[in-house]
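Chain and residue survey
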Amino acid sequence: MYQAIEHTYSSLTSTEHDEVIGNGGLHVMGTERHESRRIDNQLRGRAGRQGDPGSTRFFLSLEDNLLRIFGGDRVAGLMNAFRVEEDMPIESKMLTGSLEGAQKKVETFYYDARKQVFEYDEVMNNQRRAIYAERRRVLEGLDLKEQVIQYAEKTMSEIVEAYVNPELPPEEWDLEKLLNKSKEFVYLLEDLQAKDIGDMTVPEMKIFLHEEVRKAYDLKESQVDQKQPGLMRQAERFFILQQIDTLWREHLQAIDALRESVGLRGYGQKDPLIEYKQEGYEMFLEMMIDIRRNVVYSLFQFQPQRQPQQAQTV
């Protein structure tokens, strides 16, 4: 069927093709020159497909954007000075060359703009790949207990680093604030006292708190699983995904606000792109820290309650 249709119409199109070539081929007329030379060349290509003869001709006005921005006013001034009629066509190699130069400038401007937009978008693409990979690991992970414990251990290490300065003598360390901050995230550490870690170095404090967190998490897991076996595994996945989704949405809004405001840094002789990359990376790290801390806090505060069964009416 296809071959029959092709044979029927090929005879007609071949006759029309020969007729067009006999008349000199296709002639394309353009009413303006595009900002991109590629578009103009595509129009010219329509007039000479596969070696067929053809021609093109472009008609421009001095009020077109390209001519108006790049020297059209000077040409209009010359026409007024020599009292040239408005409908008189102007053909000049110099004017054509000036027009092509204007197109090159416009193409360079748009290329730089696209390149800058790409570099800005690449910052978010890298962060998006990282957060989606983390989310995928949570969705596919069968046992998230070790991941949550690592979250808790990192949180304890950050608290120690925030409240203990190794360069100061141990007498000046505020161990009470350190423990109070730790208990905000892991309330099961409420029995710890400052004297328990008073004689320890900073690395020993971290190791000690890591061990206490693991004990506290095992205790919390047994309390939760008494309500329903395996409930702790479900809670881990739920809280991690909840925090990732919530804080990622907030991060996207903050990044958009940063992108809109960072352009003003140029007035302070700073590169807006470099400022955007640095602050965007710092904001991303803060978001990841908040995710870890919120997950630890939520899981230790998690208190499941059985819902009373409703009586069925017959």
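Look up: the structure comes first, before these words.
Figured I'd write up the structure that's included with this text. Computed from a prediction, not measured in an experiment: that's the story for all the values here.

Turning to the packing of aromatic side chains, a few remarks are in order. Here the distance between the centres and the angle between the planes together describe a pair of aromatic rings. Applying the stated criterion across every chain, the model contains five aromatic pairs. Between Y132 and W248, the ring centres sit 6.5 Å apart and the planes meet at 65°, which makes this aromatic pair edge-to-face. Separated by 116 residues along the polypeptide, Y132 in helix α5 (residues 93–140) and W248 in helix α10 (residues 231–261) bring together distant segments of the chain. According to the relative accessible area criterion, Y132 is partly exposed, its value standing at 47%. According to the relative accessible area criterion, W248 is buried, its value standing at 7%. Linked through ring pairs, F238, F239 and F302 together constitute an aromatic cluster.

Turning next to the packing of helix α6 (residues 145–163) against α10. The contact between α6 and α10 brings their axes to 10 Å, and the two run at 55°. By the angle class used here, α6 and α10 are oblique. Crossing hand, α6 versus α10: left-handed. Contacts between α6 and α10 involve K145, Q147, V148 and Y151 from the first element and R233, E236 and I240 from the second. Class assignment of the residues belonging to the contact of α6 with α10 gives a composition of three nonpolar, one polar and three charged.

Under the defined criterion, the tally for this structure stands at 18 salt bridges. In this structure, R136 and E140 form a salt bridge, with 4.0 Å as the shortest nitrogen-oxygen distance. One end of the pair is R136 and the other is E140, both in helix α5 and four residues apart, which spans about a single turn. Owing to a relative accessible area of 46%, R136 belongs among the partly exposed residues under this scheme. For E140, a relative accessible area of 55% translates into the label exposed. Between K215 and E212 there is a salt bridge, and its shortest N-O distance comes to 3.7 Å. Linking K215 with E212, this pair stays in helix α9 (residues 202–227), spanning three residues, or about one helical turn. The buried category is assigned to E212, whose relative accessible area is 17%.

Criteria and cut-off values
Residues numbered from 1 in each chain as written. Predicted model: local features only at pLDDT ≥ 70, side-chain atom pairs only at ≥ 80, totals over all residues. Heavy atoms only, no water. Phe/Tyr/Trp six-rings, centres within 6.5 Å; stacked < 30°, edge-to-face > 60°. Helix = DSSP H or I, 4+ residues; strand = E, 2+ residues; numbered from the N terminus. Buried < 20%, exposed > 50% of the residue type's maximum accessible area, 1.4 Å probe, protein only. Axes fitted to C-alpha atoms, helices over the stretch in contact; angles between N-to-C directions. Parallel < 35°, antiparallel > 145°, perpendicular 65-115°, else oblique. Left-handed = near helix turned anticlockwise from the far one by under 90°. Contact = heavy atoms within 4.5 Å. Nonpolar A, V, L, I, M, F, W, Y, C, P; charged D, E, K, R; others polar. Salt bridge = Lys/Arg side-chain N within 4 Å of Asp/Glu carboxyl O.

Geometric descriptors of this kind do not, in isolation, establish any biological role.
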